[in-house]
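# A closer look at the structure
What follows is the residue order along each chain.
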Amino acid sequence: MNMAGKGYMWLDGRFVKFEDARVNILTHSLQYGSGIFEGVRCYDTMNGPAVFRMHDHMKRFMNSAKIYGMPINFTQKQLEDAVCGTVSKNKLKSAYIRPFAFYNDVGIGFSTKGKTTSVAIAALEFGRLFGESKGLKCKVSSWQRINSAILPVEAKASGNYLNSIIASKEAQDSGYDEAILMSDSGKTVAEGPGENIFVVQDGEIITPPKSADILLGITRDSIIKLAASLGIKVHERNIRKEELYTSDEAFFTGTAAEIQAITSVDSRQVGNGRQGPVTGRLSDEYSKIVKGENKKFAGWLTPIG
Ligand SMILES: Cc1ncc(COP(=O)(O)O)c(C=O)c1O
């Protein structure tokens, strides 16, 4: 599949034309947000197309299903092969890949007891989430990030994203580019609606810990490991809201957003109001890794066979 909606989607073990991959409107996961998904990227590397941190993404996919007690009819390995197969079937060099598992039951009633599931994998051409934006203007949301007493934050479950959608909408309706969500009743920064967050202070980077109700982002983990390899100190600790205003730099990380500078928060300029040097360096180095230009991290790339 590409952005025009042509090509093929992998659905329960076979390829179907994108336009033929349809569901009934009363499908459980459409009605109740009970699907789970991943966002994975394939990059055009020196050695051909390669999926970035595939095992970690697909492990998180299996874990999202496990958290919700959702049966998946395929092994992780079968799904990894299907991810590669979907990219090559569509003759894509680079792609955003969306594995999605959903309850395919049609009817009324939210109980999942005895209900069956399907897995679909789409691969499409996709640029950067925030396009060519050099720096985002963010708003601290009046909506808090969900927490694990309410919904499991570690699962990438469709329903969790209502929290992201309402926060993004609030920010965008108020003229900002994106939201930043707080946790612990507003005491500590959690993350963006679909991104983890970092700030830079005196050349060191700080990102909220697992306990701040974040999704454990794979890009976040990559940046932590990359920074350490560059000799940049990394702290995983709680960040107060006001630190977003006073830090030298701030940036989001995510598969879709990649490394994205934040240049203002609540109309306060962050640093000098442009992408800062630490963000720039990490972003450049990250680009090299995903393109296979940094041998040290070559193990993060799975070539499409
Ligand atoms: C809520 C949320 N936080 C953070 C991230 C970043 O995670 P990753 O870097 O694994 O894409 C995502 C995207 O998957 C997300 O949806």
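Residues numbered from 1 in each chain as written. Predicted model: local features only at pLDDT ≥ 70, side-chain atom pairs only at ≥ 80, totals over all residues.

## Focus on the overall build of the protein
Along its length, the protein carries seven helices and 17 strands. For the protein, the C-alpha radius of gyration of 19 Å lies close to 19 Å, the compact-globule estimate for 305 residues. Projected onto its principal axes, the C-alpha coordinates of the protein cover approximately 50 × 45 × 30 Å. Looking at the protein as a whole, 45% of its 305 residues qualify as buried. The long-range fraction of contacts in the protein, counting pairs at least 24 apart against all pairs at least 6 apart in sequence, stands at 68%. (Helix = DSSP H or I, 4+ residues; strand = E, 2+ residues; numbered from the N terminus. Rg over C-alpha atoms; globule rule 2.2 N^0.38 Å. Buried ≥ 20, exposed ≤ 12 C-beta atoms within 10 Å, placed from the backbone. Contact = placed C-beta atoms within 7 Å.)

## Side note on the environment of Gly276
Checked against the element boundaries, Gly276 lands in the loop between strand S16 (268-269) and helix H7 (277-290). Classification of Gly276 as buried rests on a count of 21 C-beta atoms within 10 Å. Not counting residues up to four positions away in its chain, the partners in contact with Gly276 are Val200, Asp248, Glu249 and Gly271.

## Looking at the environment of Gly33
With respect to the helices, strands and loops of the structure, Gly33 is situated in the loop between helix H1 (28-32) and strand S3 (36-37). In this structure, the C-alpha to C-alpha distance between Gly33 and Ala155, residues 122 residues apart in sequence, is 13 Å.

## Here's the deal with the domain arrangement of the protein
Taken domain by domain, the protein comprises domain 1 (8-124) and domain 2 (136-290). Computed over C-alpha atoms, the centres of domain 1 and domain 2 are 26 Å apart. Listed per partner, the contact involves 20 residues of domain 1 and 13 residues of domain 2. For the side of domain 1 that touches domain 2, the secondary-structure elements that each account for two or more residues are S3, strand S4 (40-45) and helix H2 (54-67). Top contributing element to the side of domain 1 that touches domain 2 by residue count: H2, with five residues. Partitioning the side of domain 1 that touches domain 2 into residue classes produces eight nonpolar, seven polar and five charged. (Domains from an automatic or database assignment. Nonpolar A, V, L, I, M, F, W, Y, C, P; charged D, E, K, R; others polar.)

## Re the nonpolar core
Counting residues in hydrophobic clusters, the biggest one holds 80 residues, and the most contacted among them are Val51, Val83, Val87, Ile121, Ala250 and Ile262. Excluding its chain neighbours within four sequence positions, the residues that come into contact with Ala250 are Ile197, Phe198, Val199, Leu244, Ile262, Val265 and Val270. (Core = buried A, V, L, I, M, F, W, Y, C linked by C-beta atoms within 7 Å.)

## Structural notes on the site of the ligand
The environment of the ligand is made up of 14 residues, and the closest members are Leu215, Gly217, Ile218, Thr219 and Thr255. Among the elements of the structure, helix H5 (218-229) and strand S14 (249-254) are those that each provide at least two residues to the shell around the ligand. Here the element with the most residues in the shell around the ligand is H5; it accounts for three residues. A per-class count over the shell around the ligand returns two nonpolar, nine polar and three charged. (Near = placed C-beta within 6 Å.)

## Some details on unusual backbone geometry
Positive phi outside glycine occurs at Ser185, with the angle close to 55°. With respect to the secondary-structure elements, Ser185 resides in the loop between strand S9 (178-183) and strand S10 (188-191). Judged by local crowding, Ser185 falls into the exposed class, with 8 C-beta atoms found within 10 Å. Although it is not a glycine, Glu258 sits at a positive phi angle of roughly 55°.

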